[in-house]
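One-letter residues, chain by chain:
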Amino acid sequence: MPRTRSEASRLFGARLRARRLELGCSQYDIAHLSGVDLANYGRLERGGGNPTLTTIVQLAITLSMDPADLVTGLAEDGMLPEVDRPYSALDYIAARRQQEGR
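Residues numbered from 1 in each chain as written. Predicted model: local features only at pLDDT ≥ 70, side-chain atom pairs only at ≥ 80, totals over all residues. Heavy atoms only, no water.

Participant: Give a description of the overall build of the protein chain that names residues and reports values.
Facilitator: Summing up its helical and strand segments, the protein chain has 6 helices and 0 strands in all. Along the first, second and third principal axes, the C-alpha set of the protein chain runs to 60 × 30 × 20 Å. Only carbon and sulfur atoms are counted for the fraction: they give 54% of the accessible area of the protein chain, which is about 7,100 Å². Of the charged side chains in the protein chain, 13 are positive and 13 negative; the average position of the first set lies 4 Å away from that of the second. (Helix = DSSP H or I, 4+ residues; strand = E, 2+ residues; numbered from the N terminus. Areas by Shrake-Rupley, 256 points an atom, 1.4 Å probe, with all protein chains shown as cover. Lys, Arg positive; Asp, Glu negative; His and termini not counted. Charge placed at Lys NZ, Arg CZ, Asp CG, Glu CD.)

Participant: Tell me about the pattern of salt bridges, residues and numbers included.
Facilitator: For the structure shown, the criterion picks out 4 salt bridges. Between glutamate 7 and arginine 10 there is a salt bridge, with its nearest N and O atoms 2.6 Å apart. In this pair, glutamate 7 and arginine 10 both sit in helix 1 (residues 7-23), 3 residues apart, roughly one turn of the helix. Judged by relative accessible area, which is 33%, glutamate 7 ranks as partly exposed. A relative accessible area of 42% means that arginine 10 is categorised as partly exposed. The shortest N-O distance in the salt bridge between glutamate 100 and arginine 96 comes to 4.0 Å. Of this pair, glutamate 100 and arginine 96 both sit in helix 6 (residues 89-100), 4 residues apart, which is roughly one turn of that helix. Taking relative accessible area as the criterion, glutamate 100 reaches 60% and is therefore assigned exposed. (Salt bridge = Lys/Arg side-chain N within 4 Å of Asp/Glu carboxyl O. Buried < 20%, exposed > 50% of the residue type's maximum accessible area, 1.4 Å probe, protein only.)

Participant: I'd like a rundown of the packing of helix 1 against helix 3 (residues 38-45), residues and numbers included.
Facilitator: Orientation of helix 1 relative to helix 3, taken along the N-to-C sense of each, is 110°, at an axis distance of 7 Å. In terms of orientation, helix 1 and helix 3 fall into the roughly perpendicular class. Across the interface between the two elements, Ser9, Gly13, Ala14, Leu16, Arg17 and Arg20 of helix 1 pack against Tyr41, Leu44 and Glu45 of helix 3. When its residues are assigned to classes, the contact of helix 1 with helix 3 shows 4 nonpolar, 2 polar and 3 charged. (Axes fitted to C-alpha atoms, helices over the stretch in contact; angles between N-to-C directions. Parallel < 35°, antiparallel > 145°, perpendicular 65-115°, else oblique. Contact = heavy atoms within 4.5 Å. Nonpolar A, V, L, I, M, F, W, Y, C, P; charged D, E, K, R; others polar.)

Participant: Tell me about unusual backbone geometry, residues and numbers included.
Facilitator: Residues other than glycine seldom take positive phi values, yet serine 64 does so here, at roughly 55°. Looking at where serine 64 falls in the secondary structure, it is placed in the loop between helix 4 (53-62) and helix 5 (67-71).

Participant: Outline the nonpolar core, supporting the account with residue identities and numerical values.
Facilitator: Within the largest apolar cluster, 16 residues are counted, with the highest numbers of intra-cluster contacts made by Phe12, Leu16, Tyr41, Leu59 and Leu70. Put simply, the parts of the chain that give this core at least two residues each are helix 1, helix 2 (27-34), helix 3 and helix 4. If we skip the residues at most four places from it in the chain, leucine 16 touches Tyr41, Leu44, Glu45, Leu59, Leu63 and Leu70. (Core = buried A, V, L, I, M, F, W, Y, C linked by side-chain atoms within 4.5 Å.)

Participant: Give me the side chain of serine 6: which residues, what numbers.
Facilitator: Positionally, serine 6 belongs in the segment before helix 1. Excluding residues that lie within four positions of it along the chain, serine 6 makes contacts with Met79, Leu80 and Pro81.

Next up, the structure:
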């Protein structure tokens, strides 16, 4: 079953596309300059895929951006599908303390 695109992926792709258009570059230009496969780059812009840290940094460098500008705010509630939402260490500690207090 195909994964549903997350709001985080959609926003990441929109940020890539906006910066690329701001620079007046094609998808091919950015993919080629960053060493990212063209099909993969297009998928990222459309809000698909799951880029590695290396890919995020390569794209940010190519786009003359700080990598943080591509990912800031993507961990907010509702941005990731519920099945992909990570369980934070703070959530774990709170649950453990609650169990120990019983």
